[in-house]
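For reference, the chains in residue letters:
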Amino acid sequence: MSPAARLRALKPDWLRDPKVWRTEVLGGLVVALALIPEAISFSIIAGVDPAIGLFASFTMAVTIAVVGGRPAMISAATGAVALVITPLNREHGFGHLVAAVILAGVFQILLGALGVAKLMRFVPRSVMVGFVNSLAILIFMAQVPEMTDVPWPVYPLIAAGLALMVFFPKVTTVIPAPLVSIVILTVITVAAGIAVPTVGDQGELPSSLPVPGLPDVPFTLDTLTTVAPYALAMALVGLMESLMTAKLVDDITDTHSSKTRESVGQGVANIVTGFFGGMGGCAMIGQTMINVRVSGARTRLSTFLAGAFLMVLCIVFGPIVSDIPMAALVAVMVMVSVATFDWHSIAPRTLRRMPAGEITVMVVTVACVVATHNLAIGVVVGSITAMVVFAKRVAHLAEVTAVTDPDSGAVVYRVTGELFFASSNDLVGRFDYATDADKVVIDLSAAHVWDASSVAALDAIETKYAQRGKTVEIIGLNEPSARIHESLSGELTGSH
């Protein structure tokens, strides 16, 4: 390969392909427009000035575009983080909130370095489907307040916005349909003088860039103990939401991303955001879906530009942006919720074929998220439910059959399946201690011993036979089972 060809290959896609560049730029612009009302509303939830949420969205997006692990994913101020830190701001003031954001970033870097991202492998598909569906429901529910107790023109405007996004891509895909919808609806409302809620009604937009500085708190142990619990909660919620979103984008784009780098990147972005006086944040699932699924963006450029355009729109084009009707942005988010929901997962044909346990896990995940408005809680409860369902299913696979050896007269018990705490608890009751011959053989060649509970059960069986003067021989242990049995057998009760 020539030096010139090698140099071209090193260039990112958006520099090599003008079509990709256009997609990324327009995608970033659409996301920036959608970020403004969201950031303002999350600021209100946290009890801070709207500019604080907008600054956080700017610094999070720009920083994560450079240091994050998942290209095209949008990180900004989020409701999940706002809910966690609201009590801290209310009880101790804004300075403590900023300190918590910085400390949360440190925690996220440490958790990322410790490999917390690897825990994502324990999130089953049914939880992921529940996560996606509950996310779609939450995105839609967040639009409901904008559709209640509003002037009647809001409804035809939303309908027109949805129609534009459905039919405009059939004409051309050069310009993202959401951007076309926002522009057309804004022109109509301004030109016709239609009085409907606008972005400007949500709060005042900032007129200058954020300035870096230290949090206004005493640097004492008392401050650390005050903010640390909130910072840890924010770090965990932010990481879980970000890693789940990254996994979702991986599936949509059929590409792989570094979850460890994403974890560390989220930490760095929150530290930067804290020093610029922002309220912190994490991956934004709704805006990420706009960027990836609706606009078709795939690179870090769209993420960077989403943050950059956000500040340009606020500072330079504030008066114009303030005139955007909320109905236009509501239509975009409703379209995102419909596109995000996994409709195949609730199709009658799918439900008939899906095991009841899988459906239960999906429903539990959705119910928890919708009830708490916290995606992290839903994922944790859903994963625990999935583990219980799995343990119950596997426990039923452990079987015990008995035959008498005609040559020696010994009773041979053949155990098949997985032996762990759920299946080994009733293992002791599967043997006939009173009537069995003096020699008993337990054949575990078709079984696997996983934990101390199983070894304790085998010890109990041997003890019960010994009390009746009978001997037990355990055979057929595979190497891992033999290792755990040898190291724990006879050591699990106080009498040994």
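Right, let's walk through the structure included here. (Residues numbered from 1 in each chain as written. Predicted model: local features only at pLDDT ≥ 70, side-chain atom pairs only at ≥ 80, totals over all residues. Heavy atoms only, no water.)

Another aspect to go through is the pattern of salt bridges. Across all of its chains, the model carries six salt bridges by this definition. Close ionic contact of Asp-443 with Arg-414 constitutes a salt bridge, the shortest N to O distance being 3.2 Å. With Asp-443 in strand β5 (residues 439–449) and Arg-414 in strand β4 (residues 411–419), this residue pair connects regions lying 29 residues apart in the sequence. Accessibility expressed as a relative area gives 13% for Asp-443, which makes it buried. (Salt bridge = Lys/Arg side-chain N within 4 Å of Asp/Glu carboxyl O. Helix = DSSP H or I, 4+ residues; strand = E, 2+ residues; numbered from the N terminus. Buried < 20%, exposed > 50% of the residue type's maximum accessible area, 1.4 Å probe, protein only.)

The mixed open sheet is built from four strands, whose spatial order is β3-β4-β5-β6. Every interior strand has two partners, whereas the edge strands, β3 (399–404) and β6 (471–475), have only one. The sheet shows a mean angle of 20 degrees between the axes of neighbouring strands, taken without regard to direction. Of the pairings in the sheet, the one linking β3 to β4 comprises six bridges and is antiparallel in character. By the bridge assignment, Ala-402 is partnered in β4 with Tyr-413. Here helix α20 (residues 452–466) sits on the sheet in contact with β4, β5 and β6, set at roughly 175 degrees to β5. (Pairing = 2+ DSSP bridges. Axes fitted to C-alpha atoms, helices over the stretch in contact; angles between N-to-C directions. Contact = heavy atoms within 4.5 Å.)

Let us look at the side chain of Arg-70. With respect to the helices and strands, the residue Arg-70 is situated in the loop between α4 (50–67) and β1 (75–76). When its relative accessible area of 7% is taken as the criterion, Arg-70 is described as buried. A polar contact is formed between the side chain of Arg-70 and the side chain of Asp-250, at a distance of 2.5 Å. If we ignore the near neighbours within four places in the chain, the residues touching Arg-70 are Ala-246, Val-249, Asp-250, Thr-253, Thr-255, His-256, Ser-257 and Glu-262. (Polar contact = N/O pair within 3.5 Å; in protein donor to acceptor, adjacent residues only side chain to side chain.)

Here we come to the packing of helix α5 (residues 79–92) against helix α10 (residues 221–253). Here α5 crosses α10 at 165 degrees, and the two axes come no closer than 8 Å. When the interaxial angle is binned, α5 and α10 end up roughly antiparallel. In this structure, α5 crosses over α10, and the sense of that crossing is left-handed. Across from Ala-80, Val-81, Val-84, Ile-85, Pro-87, Leu-88, Glu-91 and His-92 in α5, the residues of α10 making contact are Thr-226, Val-227, Tyr-230, Ala-233, Met-234, Val-237 and Glu-241. Class assignment for the residues of the contact of α5 with α10 results in eleven nonpolar, two polar and two charged. (Parallel < 35°, antiparallel > 145°, perpendicular 65-115°, else oblique. Left-handed = near helix turned anticlockwise from the far one by under 90°. Nonpolar A, V, L, I, M, F, W, Y, C, P; charged D, E, K, R; others polar.)

What follows deals with the state of the cysteines. Under the counting rule described, the total for this entry stands at zero disulfides. Of all cysteine sulfurs in the structure, the one in Cys-282 sits closest to Cys-314, which takes part in no disulfide; the separation is 20 Å. (Disulfide = S-S within 2.5 Å.)

It is worth spelling out the packing of aromatic side chains at this point. Inspection of the entire model under this criterion finds six aromatic pairs. Ring geometry for Tyr-413 and Phe-431: centres 4.4 Å apart, planes at 50 degrees, overall tilted. On the criterion of sequence distance, the pair formed by Tyr-413 in strand β4 and Phe-431 in the loop between α19 (421–424) and β5 is long-range, its members being 18 residues apart. As far as burial versus exposure is concerned, Tyr-413 and Phe-431 are alike and both buried. Aromatic pair Phe-431 and Tyr-433: ring centres 6.4 Å apart, planes at 35 degrees, arrangement tilted. In this structure, Phe-431 and Tyr-433 share a single accessibility class: buried. In this structure an aromatic cluster arises from ring pairing among Tyr-413, Phe-431, Tyr-433 and Tyr-465. A cation sits over an aromatic face here: Lys-464 above Tyr-433, 5.8 Å from the ring centre. (Phe/Tyr/Trp six-rings, centres within 6.5 Å; stacked < 30°, edge-to-face > 60°. Lys NZ or Arg CZ within 6 Å of the ring centre and 35° of its normal.)

Ile-36, Leu-54, Phe-131, Met-279, Ile-290 and Leu-310 are the most contacted members of the largest nonpolar core, which totals 104 residues. The element that contributes the greatest number of residues to this core is helix α3 (residues 18–46), accounting for twelve residues. Excluding residues within four positions of it along the chain, Phe-131 makes contact with Met-244, Thr-245, Ile-285, Thr-365, Leu-375 and Val-379. Among the nonpolar cores identified, the runner-up in size contains 23 residues, and Ala-398, Val-411, Val-449 and Ile-484 belong to it. (Core = buried A, V, L, I, M, F, W, Y, C linked by side-chain atoms within 4.5 Å.)

Backbone geometry at Ala-72 places phi at a positive 75 degrees, although glycine is not the residue there. Checked against the element boundaries, Ala-72 lands in the loop between α4 and β1. By relative accessible area, Ala-72 is classed as buried at 1%.

Quick look at helix α12 (residues 285–294) now. Of all ten residues in α12, eight are buried; the element is thus mostly enclosed. When we look at burial in α12, the residues that qualify are Ile-285, Gly-286, Gln-287, Thr-288, Met-289, Ile-290, Asn-291 and Val-292.

A word on the packing of α4 against helix α13 (residues 300–315). In contact at an axis separation of 8 Å, α4 and α13 are set at 155 degrees when each is read in the N-to-C sense. As summarised for this structure, α4 and α13 are arranged roughly antiparallel, according to the angle between their axes. The handedness of the crossing between α4 and α13 comes out as left-handed. Between α4 and α13, the contacting residues are Leu-54, Phe-55, Ser-57, Phe-58, Ala-61, Val-62, Ile-64, Ala-65 and Val-66 on the first element and Arg-300, Thr-303, Phe-304, Gly-307, Ala-308, Leu-310, Met-311 and Cys-314 on the second. Across the contact of α4 with α13, the residue classes tally to 13 nonpolar, three polar and one charged.

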